[in-house]
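Inside the fold
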Amino acid sequence: MILTIATTPFEGQKPGTSGLRKRVPVFQQRHYVENFVQSIFDCLEGFAGTTLVVGGDGRFFNREAIQTVIRLAAANGFGRILVGRGGILSTPAASNVIRVRKAYGGIILSASHNPGGPDGDFGIKYNVGNGGPAPEKVTEAVFARTRTITEYRTLDSADVDLDRLGEVGAGAAIVEVIDPVDDYAGLMQRLFDFDRIRGLFASGFRMKFDAMSAVTGPYARQILERMLGAPHGTVMNFTPEPDFGGHHPDPNLVHARHLYDLAMSIDGPDFCAASDGDGDRNLIIGNHAFVTPSDSLAMLAANAHLAPGYAKGIAGIARSMPTSRAADRVAEKMGISLYETPTGWKFFGNLLDAGLVTICGEESAGTGSDHVREKDGLWAVLLWLDIVAARRQSVAAIQREHWAAYGRNYYSRHDFEEVETDGANALMAQLREGLVGLKGKRFGALEIAGADDFAYHDPVDGSDSAHQGIRVLFEDGSRIVYRLSGTGTSGATLRVYIERFEPDAAAHGLETQAALADLIALGHALARIEHFTGRREPSVIT
Ligand code: G16
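Here is a short report on the structure shown in this document. Keep in mind it's a predicted model, so treat the numbers as computed, not measured. (Residues numbered from 1 in each chain as written. Predicted model: local features only at pLDDT ≥ 70, side-chain atom pairs only at ≥ 80, totals over all residues. Heavy atoms only, no water.)

**Regarding the overall build of the protein chain**
Just so we agree on the cut-off: Labels follow the DSSP assignment, with helices taken as runs of H or I lasting at least four residues and strands as runs of E lasting at least two, numbered in each case from the N terminus. The cut-offs for exposure are 20% and 50% of the maximum accessible area for each residue type, with area from a 1.4 Å probe on protein chains only; residues under the lower value are buried, those over the upper are exposed, and the others partly exposed. By the convention used here, residues are in contact when the closest approach between their heavy atoms is within 4.5 Å. Using a 1.4 Å probe, the Shrake-Rupley method yields the accessible areas, and only the shown protein chains count as cover for residues. For the purpose of charge, His is not counted, nor are the chain termini; Lys and Arg are scored as positive and Asp and Glu as negative. By convention, the point assigned to a charge is CZ for Arg, NZ for Lys, CD for Glu and CG for Asp.
Along the protein chain, the regular secondary structure elements total 18 helices and 27 strands. Its C-alpha atoms put the protein chain at 70 × 60 × 40 Å along the principal axes. Within the protein chain, buried positions represent 59% of all 542 residues. Look at the contacts in the protein chain between residues 6 or more apart in sequence, and 72% of them connect residues 24 or more apart. As displayed, the protein chain has an accessible area near 20200 Å², and 50% of this comes from carbon and sulfur atoms. Distance between charge centres in the protein chain, computed from 53 positive and 66 negative side chains, equals 2 Å.

Structure below.
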């Protein structure tokens, strides 16, 4: 039976860079999930009888939230609800299911790389029919709706057994529990030369993949160990845990430090990799060769044609504004277009749909292609493996040759996490006010060529997005970028992105922080970070 339940709005149900993210106890409030999900449905049209995909990264509260979403979806008129077994679907796999099953859209339960557990984070995100995150016009409409909502529709039905594959009824709708891995593994098999990668493992190539007790475990074991023949034990921490085993499932040099140390050790593996909570981010470290996400984008774009799925070449590359400009040099040499978008995968969707770009990437450890409409951690790992197998070279050699051919973009991000929101906003405001006076100023060898507040005009749908981060550009091609994170759940996080281009191969072996030292010091001083945040040092350096 369909129930109509009276409710009142909650403050702050505003989607950020990637959906609504809050602490678990916030989501556990009565009506909280229902209000947000009903607000999403209230902003959609023409979905009666269509299919909705639902899945999450398995974090604490995933199963409860999925039952709620199923009830609301059925009561609101969806005809079929596809759910990953156990409530599991990695974000890229959910994107794929939406596309191949021609669903109306999908609801993904995830707070990505944020910690999980009863006091950790939770999140809800809506993806549209192309499989990608809802564009801003949709998320803004949803937020507006959350502020006026008065009722939601649900069913008084029992919970669906999420662990049993197959179909069951829920009101007038059908709920189909699907294998979360099958479709995705098939897609990877079509894109990459599995025989060649199998040969690589058979030749003794050693790899460690850390699934970080998060959603990628089942995918990585199926593809790497069972289909590609990597030795048992290649995939570490492969069981998705509601609290990610108490760890922070963020595959960076802080939270996956052990992989870095392993790759840098004498007799370490040839290749180390990791993915995040929901499987869309990646970390790539060759033996004695850490690859920054920005470099990874450039190197994958330059070599993608070696993989069967990209043998025809790539149409163009897109990167988020703060991502280093290493990919720009590849695009230039290949004679293809490079698009610079605001942070957030949702900005790539139109470019991919229009066929303007094939490969996209972000400094925040995300890379992907037109095979889905999300970034894809395991895809990046498999493309790297296919390139290593095709070139018969180590990651270190591929990296060295890439820098020699294109120059090296030294790059680092400094995060000041959980600072006071007022101070962070004041810092950004004073930077914005001072922009006009910056051009032409000299600081030692550095001269400012220009500075602006990044704005994006979408060439496909004509929409505009302003205030997407402050850019300070230098005459020698260096950059400092400032923006506030849109994914944190408490206080504000200031991100400072620092980049220097070094064309001279003789200077490619420097340690990154040392190579950027003067820019880092200037970056702190220009924004008066200590004054506004009380912090002298960043909390995380990647
Ligand atoms: C999300 C978005 C990414 C974005 C990242 C960082 O990633 O999907 O497109 O680059 O947040 O955003 P911010 O700098 O605002 O924290 P994920 O992996 O958290 O979904």
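**Let's talk about the packing of helix H2 (residues 32-42) against helix H3 (residues 62-76)**
We apply this condition: Orientation is described by lines fitted to C-alpha atoms, with helices fitted over the stretch in contact, and by angles between N-to-C directions that extend from 0 to 180 degrees. Handedness of a crossing follows from how the near helix is turned relative to the far one, being left-handed for an anticlockwise turn of less than a right angle and right-handed for a clockwise one. Each residue is assigned to one of three groups, with Ala, Val, Leu, Ile, Met, Phe, Trp, Tyr, Cys and Pro labelled nonpolar, Asp, Glu, Lys and Arg labelled charged, and all others, Gly among them, labelled polar.
Between H2 and H3, the shortest axis-to-axis distance is 10 Å and the interhelical angle comes to 35°. Like other packed secondary-structure pairs, H2 and H3 cross with a definite hand, here right-handed. Residues Val33, Glu34, Val37, Gln38 and Phe41 of H2 pack against Thr68, Val69, Leu72, Ala73 and Asn76 of H3. Of the residues contributing to the contact of H2 with H3, the split by class is six nonpolar, three polar and one charged.

**Remarks on the sheet that holds strand S18 (residues 366-369)**
Sheets are built from strands paired through backbone hydrogen bonds, the pairs being either parallel or antiparallel. Condition: For two strands to count as paired, DSSP must find a minimum of two bridges between them.
The strand order across the open sheet formed by four strands is S16-S15-S17-S18, and the pairing between neighbours is mixed. Two strands in the sheet have a free side with no partner beyond their single neighbour: strand S16 (337-341) and S18. Along the sheet, successive strands turn relative to each other by an average axial angle of 15°, direction set aside. Of the strand pairs in this sheet, strand S15 (residues 316-320) and S16 are connected by five bridges, and their pairing is parallel. The residue bridging Ile317 from the neighbouring strand is Leu338, located in S16.

**Some thoughts on the pattern of salt bridges**
Heads up, the rule is: Salt bridges are counted wherever a side-chain nitrogen of Lys or Arg sits within 4 Å of a carboxyl oxygen of Asp or Glu.
Here the structure, examined in full by the defined rule, presents 35 salt bridges. Here Asp193 and Arg196 are joined by a salt bridge, their closest N and O atoms 3.9 Å apart. Here Glu225 makes a salt bridge to Arg221, at a shortest N to O gap of 3.7 Å. Of the two residues, Glu225 and Arg221 both sit in helix H8 (residues 216-227), four residues apart, roughly one turn of that helix. The exposure classification of Glu225 matches that of Arg221, with both residues buried. Here the salt bridges share partners, and the residues they tie into one network are Arg319, Asp328, Glu340, Asp452, Arg471, Arg479 and Glu499.

**Topic: the packing of helix H10 (residues 293-303) against helix H14 (residues 395-406)**
Selection rule: Any angle from 65 to 115 degrees is called roughly perpendicular, while one under 35 is roughly parallel, one over 145 is roughly antiparallel, and all others are oblique.
Packing of H10 against H14 leaves a shortest axis separation of 11 Å and a crossing angle of 85°. Here H10 lies roughly perpendicular to H14, going by the angle between them. Contacts between H10 and H14 involve Asp295, Ala298, Met299, Ala302 and Asn303 on the former and, on the latter, Ile398, Gln399, His402, Trp403 and Tyr406. A class-by-class count of the residues in the contact of H10 with H14 yields six nonpolar, three polar and one charged.

**A few points about the environment of Ile448**
Position of Ile448 among the secondary structure elements: in strand S21 (residues 446-453). Overall, the relative accessible area of 1% leaves Ile448 in the buried class. Sequence separation of Ile448 and Phe474 is 26 residues, and the distance between their C-alpha atoms is 4.3 Å. Excluding residues that lie within four positions of it along the chain, Ile448 makes contacts with Leu438, Lys439, Gly440, Lys441, Phe443, Val472, Leu473 and Phe474.

**Digging into the site of the ligand**
Which entries qualify depends on this criterion: It suffices for a single heavy atom of a residue to lie within 4 Å of a molecule or strand for the residue to be listed as near it. Two N or O atoms count as a polar contact when they lie within 3.5 Å, although within protein this holds only if one can serve as hydrogen donor and the other as acceptor, and sequence-adjacent residues are included solely when both atoms are side-chain atoms.
Within the structure, the ligand sits among 19 residues, and Glu362, Arg483, Gly486, Thr487 and Arg495 are positioned closest to it. Taking Gly344, its main chain carries an N or O atom lying 3.5 Å from an oxygen atom of the ligand. A distance of 2.6 Å is found between an oxygen atom of the ligand and a side-chain nitrogen or oxygen belonging to Arg483. Protein contacts shield 99% of the accessible area of the ligand, which totals 460 Å² for the unbound molecule. Within the shell around the ligand, the residues separate by chemical class into one nonpolar, 10 polar and eight charged.

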